[in-house]
Amino acid sequence: MAAFSVVFFTIVILFIGCTSAQLSTNFYDKTCPKVLSTVKSVVQSAVAKEKRMGASLLRLHFHDCFVQGCDASVLLDDTSSFTGEQTAGPNKNSLRGFNVVDNIKSKVEAVCPGVVSCADILAIAARDSVVILGGPSWNVKLGRRDSKSASLSAANSGVLPAPTSALSSLIQTFKAQGLSTKDMVVLSGAHTIGQSRCTSFRDRIYNESNIDASFAQTRQRKCPRPVGSGDNNLAPLDVQTQDKFDNNYYKNLINKKGLLHSDQILYSGGSTDSLIESYSKSPNSFNSDFAAAMIRMGDISPLTGSRGEIRKKCGRPN
């Protein structure tokens, strides 16, 4: 019995040690009580100027978390002696919003210098972007610290889902991050906002059969077949309401109007069809499940405690 007590006590101590280093929604309540209002103000201004920026900030958080965890590694700029993640295939000429994050960081530093991490700023800005565009809110868990390095090879290794991904590949990519198939489907619903480049959907609109014909023709007008022609022309990921966070993304899939192959494959006679149908009918379910999945995504391998640092500027280590 004594041995059991010692083991049990040890487990409790270990558990307490783990949880104390985890994230919490009130992490900055005493050290930077104005952080949430400061971030929100900058995000509101940026999205008011350009609605697409909301989607861009949300995507930054996603692309950060899927490469070595939610540690703001994606924000590190290249230097003469360092190559970060921004030139990786999934990110080059694609990720944007870095200037907005820098603006947020400078405003937060003015209020409470050296306290709030860039990784946490990404998490808060993602939530605020969704809310501003009409989506659900959630309490963002905070306490992440910033990495001192980034990994171009990791960003290029397939951990970020490609627009050409098969369903099995999408499921596996999210599973590798500790996220379920349901999480994958609901987080894909982030494509209710934002735009995509012609290079990402050219093959789909010219070569795939599970696509609405008139939808394909409309997209072809600004995305010519020849590679190199109109590559950077944009199209909305949600053909109905590109600037409103809603469940129309799922309705589009049922109507064969998913812009990317990786969108439409979610409703192509496979295991995720029933989830697509469910979310297309229930915006409330989509909103609540999306919020919960965002919290889980934000939990991916954060640096906490004494690991990492609080960067003074998000684009470079201290």
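Residues numbered from 1 in each chain as written. Predicted model: local features only at pLDDT ≥ 70, side-chain atom pairs only at ≥ 80, totals over all residues. Heavy atoms only, no water.

The name given to the chain in an unreviewed UniProt entry is Peroxidase, and the organism recorded there is Fraxinus pennsylvanica. The UniProt entry for the chain carries the following comment under Catalytic activity (unreviewed entry): "2 a phenolic donor + H2O2 = 2 a phenolic radical donor + 2 H2O". According to UniProt, the comment filed for the chain under the heading Subcellular location (unreviewed entry) is "Secreted". (UniProt positions renumbered as here; feature names shortened; annotations may be inferred.)

1. Describing the confidence of the model for the chain
The predicted coordinates ought not to be read in detail in places where the model reports low pLDDT. Per-residue pLDDT for the chain has a mean of 94; in total, 93% of the residues score no lower than 70. Under a pLDDT of 50 for its full length, residues 10–20 has, in the predicted model, zero contacts with residues more than four places off or in other chains. (pLDDT = per-residue confidence, 0-100. Contact = heavy atoms within 4.5 Å.)

2. Regarding empty space enclosed by the protein
Here the structure, examined in full by the defined rule, presents two cavities of 30 Å³ or more. One number sums up the size of the largest cavity: a volume of about 70 Å³. Looking at the lining of the largest cavity, the element that brings in the most residues is helix α14 (residues 283–298), giving three residues. Its residues assigned to classes, the lining of the largest cavity shows five nonpolar, three polar and three charged. Considered as a void within the structure, the second largest cavity measures approximately 30 Å³ in volume. In this structure, the second largest cavity is lined by Lys51, Arg52, Ala55, Leu133, Ile193, Gly194, Gln242 and Asp243. The residue makeup of the lining of the second largest cavity, split by class, is three nonpolar, two polar and three charged. (1 Å grid on protein atoms, 1.4 Å probe; cavity = no way out; pocket = protein on both sides within 12 Å on 5 of 7 lines; lining within 4 Å. Points joined across faces, edges and corners; volume = space filled by probe spheres on them. Helix = DSSP H or I, 4+ residues; strand = E, 2+ residues; numbered from the N terminus. Nonpolar A, V, L, I, M, F, W, Y, C, P; charged D, E, K, R; others polar.)

3. Describing the pattern of salt bridges
Opposite charge on two side chains permits them to pair, given that their charged atoms come into close proximity. Throughout the structure, instances matching the rule amount to nine salt bridges. Ionic pairing is found between aspartate 120 and arginine 144, a salt bridge with its closest N-O pair at 2.7 Å. On the criterion of sequence distance, the pair formed by aspartate 120 in helix α5 (residues 118–132) and arginine 144 in the loop between α5 and α6 (152–155) is long-range, its members being 24 residues apart. With a shortest N-O distance of 2.9 Å, aspartate 128 and arginine 127 are connected by a salt bridge. Just as aspartate 128 is buried, arginine 127 falls in that class too. (Salt bridge = Lys/Arg side-chain N within 4 Å of Asp/Glu carboxyl O. Buried < 20%, exposed > 50% of the residue type's maximum accessible area, 1.4 Å probe, protein only.)

4. Structural notes on the side chain of aspartate 64
Mapping aspartate 64 onto the fold places it in helix α3 (residues 52–65). Buried and without a salt bridge, aspartate 64 has arginine 311 as its closest oppositely charged side chain, separated by 6.8 Å. Separated by 2.9 Å, the side chain of aspartate 64 and the backbone nitrogen of alanine 72 make a polar contact. Discounting chain neighbours no more than four positions away, the residues touching aspartate 64 are Gly69, Cys70, Asp71, Ala72, Ser73, Val74 and Leu122. (Lys, Arg positive; Asp, Glu negative; His and termini not counted. Polar contact = N/O pair within 3.5 Å; in protein donor to acceptor, adjacent residues only side chain to side chain.)

5. Digging into the state of the cysteines
Following the criterion strictly, the structure yields four disulfides and no others. One disulfide bridge connects cysteine 65 with cysteine 70, the sulfur atoms lying 2.0 Å from each other. What sets the handedness of the cysteine 65 and cysteine 70 disulfide is the S-S torsion sign, and at about 120° it is right-handed. There is no split in this pair, since cysteine 65 and cysteine 70 are both buried. Each sulfur in the disulfide pair cysteine 198 and cysteine 223 lies 1.9 Å from the other. Here cysteine 198 and cysteine 223 share a disulfide; its torsion about the S-S bond, 70°, makes the bridge right-handed. With a gap of 25 residues between them, cysteine 198 in helix α9 (residues 198–207) and cysteine 223 in the loop between α10 (213–220) and β2 (234–236) connect regions that are remote in the sequence. The class for cysteine 223 is buried, based on a relative accessible area of 0%. Each bonded cysteine of the chain is numbered by sequence order, and under that numbering the disulfide pairs are 1-4, 2-3, 5-8, 6-7. (Disulfide = S-S within 2.5 Å.)

6. Observations concerning the packing of aromatic side chains
In this description, an aromatic ring pair is defined by two values, namely the gap between the centres and the angle between the planes. For the structure shown, the criterion picks out twelve aromatic pairs. With a centroid separation of 5.0 Å and 90° between ring planes, the pair formed by phenylalanine 27 and tyrosine 28 is classed as edge-to-face. Aromatic ring contacts, followed pair by pair, group Trp138, Phe245, Tyr249, Tyr250, Tyr279, Phe286 and Phe290 into a single cluster. (Phe/Tyr/Trp six-rings, centres within 6.5 Å; stacked < 30°, edge-to-face > 60°.)

7. Concerning the UniProt feature "binding site: substrate" (unreviewed entry) in the chain
When the UniProt feature table is mapped onto this chain, "binding site: substrate" (unreviewed entry) is found at Pro161. Examined against the element boundaries, proline 161 turns out to sit in the loop between α6 and α7 (167–175). Residue contacts for proline 161: discarding those within four places in its chain leaves Phe62, Phe66, Leu170, Thr173 and Phe174.

8. Points about the layout of surface pockets
When its volume is computed, the largest pocket comes out at roughly 940 Å³. Surrounding the largest pocket, 38 residues form its lining, Arg59, Phe62, His63, His191 and Leu260 being those nearest its centre. Elements supplying a minimum of two residues to the lining of the largest pocket: α3, α7, α8 (181–188), β1 (195–197), α9, α12 (261–264) and α14. Residues belonging to the lining of the largest pocket are distributed by class as follows: 20 nonpolar, 13 polar and five charged. Looking at the second largest pocket, its volume works out to about 150 Å³. Taken together, Asp77, Asp102, Lys105, Ser106, Glu109, Lys312, Lys313, Cys314, Gly315 and Arg316 make up the lining of the second largest pocket.

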